[in-house]
Structures are given as C-alpha cells and as structure tokens.
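Here are the chains, one letter per residue:
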Amino acid sequence: YSLFPLTTSGYAGTFQDIMHAVVTGAVVLLSIVSLILIMVGGYRDIKYRSIAVFATISLVLMFVGSIGIGLVPQEYFGVLERFSVFSVTGFNAVLGCYIFAGIDWMEQKQGEK
C-alpha cells in the first residue's frame, strides 16, 4: 500500500494507476465544464457578472498552467502546475465567500465600486 497516487515506478498499469488517471481526468473535465457553465450563466444575467469574471480568470489560469507546463524548462514545471491546481481552488474560495455572504449582497457590493 502506498500513500502516493501513482506506483513508485510511475504509470505501470496497475489498478491504482488506472484509477488515478480516471479520477484525475474526471475532476479536470468537471472543473472545466462547471466553470464554463458559471461563465455562461453569469454573463447572460448582468446581475451575476462578477462571479462570471472570477470564473473566467480561473479558467484562463487553469489553461495557462496546463499549456505552460509543456513550454517551460523542467525546473519550473511545479510553478505552472500550481496555476492549474490553485486557480480552481481559489475560485472555490471565492464561490464560498459569495455563498456565505449571499450572492445578491456580493453582487450589490461589486456594483457599487
């Protein structure tokens, strides 16, 4: 039993490796789809425009991280990988603040600026 997501030899085709790939793929796909749906709904209704802007920033940073991983030297791989991981985590924090304070209240405060 290992605490690491992949086996020590990398991707060896074991059950653990296959499940890691399946779950990671599902999480990435669902993250992209949910951000796009939030963007479409937020831009459609001007009342929720600021949350759509946060979703757009998150999606752009997610793609910048994914694309950048292949473009930078291996020493900087981890920095751009964090863009992909933490952009959605940051958006979840923003979404939590909206829900905690009340979406209508947050949107009203954004409109006053």
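Quantities reported herein were computed from a predicted structural model and do not represent experimental measurements.

K.L.:
Go over the overall build of the protein chain, please, and point to the residues and values.
P.N.:
A tally of regular secondary structure across the protein chain gives four helices and zero strands. When the helices and strands of the protein chain are placed in sequence order, the string is α-α-α-α. Within the protein chain, buried positions represent 20% of all 113 residues. Across the protein chain, contacts joining residues at least 24 apart in sequence account for 41% of those joining residues at least 6 apart. Element-wise, carbon and sulfur atoms account for 72% of the exposed surface of the protein chain, whose accessible area totals about 8,000 Å².

K.L.:
A description of the pattern of salt bridges should follow, citing residues and the corresponding values.
P.N.:
All told, the structure shown has one salt bridge when counted by the stated rule. With its nearest N and O atoms 3.5 Å apart, the salt bridge here joins E81 to R82. The exposure class assigned to E81 is partly exposed, which follows from its relative accessible area of 28%.

K.L.:
Just give me the short version of helix α3 (residues 77–101), but keep the residues and values in it.
P.N.:
Taking 1.5 Å of rise per residue, the 25 residues of α3 would be expected to cover 36 Å, and the 37 Å separating its terminal C-alpha atoms lies within 8% of that figure. At F86, α3 shows its maximal kink, close to 30 degrees. Buried within α3 we find L80, S84, S87, V88, F91 and Y98. Just downstream of α3 lies G102, where phi reads positive at about 100 degrees.

K.L.:
Account for the packing of aromatic side chains, naming residues and giving values.
P.N.:
Under the definition given, this model contains one aromatic pair. When the ring of F54 is compared with that of Y98, the centres are 6.3 Å apart and the planes differ by 75 degrees; the resulting orientation is edge-to-face. Here the residue F54 occupies a position in helix α2 (residues 49–71), and Y98 occupies one in helix α3, the gap between them amounting to 44 residues. What makes Y98 buried here is its relative accessible area of 1%.

K.L.:
Break down the environment of G65 for me, citing the residues and quoting the values.
P.N.:
Along the chain, G65 turns up in helix α2. The class for G65 is buried, based on a relative accessible area of 0%. Along the sequence, G65 and L80 sit 15 residues apart, while their C-alpha atoms lie 4.6 Å from each other. Dropping the residues within four chain positions of it, G65 is found in contact with L80, F83 and S84.

K.L.:
Talk me through the nonpolar core; I want residue IDs and the actual numbers.
P.N.:
Formed by I32, L35, M39, I51, A55, L59, M62, V88, F91, Y98 and M106, the largest nonpolar core amounts to 11 residues. Those elements giving two or more residues to this core turn out to be α1 (15–44), α2 and α3. Ranked by residues supplied to this core, first place goes to α2 with four residues. Leave out the neighbours within four places in its chain, and I51 touches I38, F91, L95, Y98 and E107.

Calculation notes
- Residues numbered from 1 in each chain as written.
- Predicted model: local features only at pLDDT ≥ 70, side-chain atom pairs only at ≥ 80, totals over all residues.
- Heavy atoms only, no water.
- Helix = DSSP H or I, 4+ residues; strand = E, 2+ residues; numbered from the N terminus.
- Buried < 20%, exposed > 50% of the residue type's maximum accessible area, 1.4 Å probe, protein only.
- Contact = heavy atoms within 4.5 Å.
- Areas by Shrake-Rupley, 256 points an atom, 1.4 Å probe, with all protein chains shown as cover.
- Salt bridge = Lys/Arg side-chain N within 4 Å of Asp/Glu carboxyl O.
- Expected span 1.5 Å × (residues − 1).
- Bend = angle between axes of the 7 residues up to and from the residue.
- Phe/Tyr/Trp six-rings, centres within 6.5 Å; stacked < 30°, edge-to-face > 60°.
- Core = buried A, V, L, I, M, F, W, Y, C linked by side-chain atoms within 4.5 Å.

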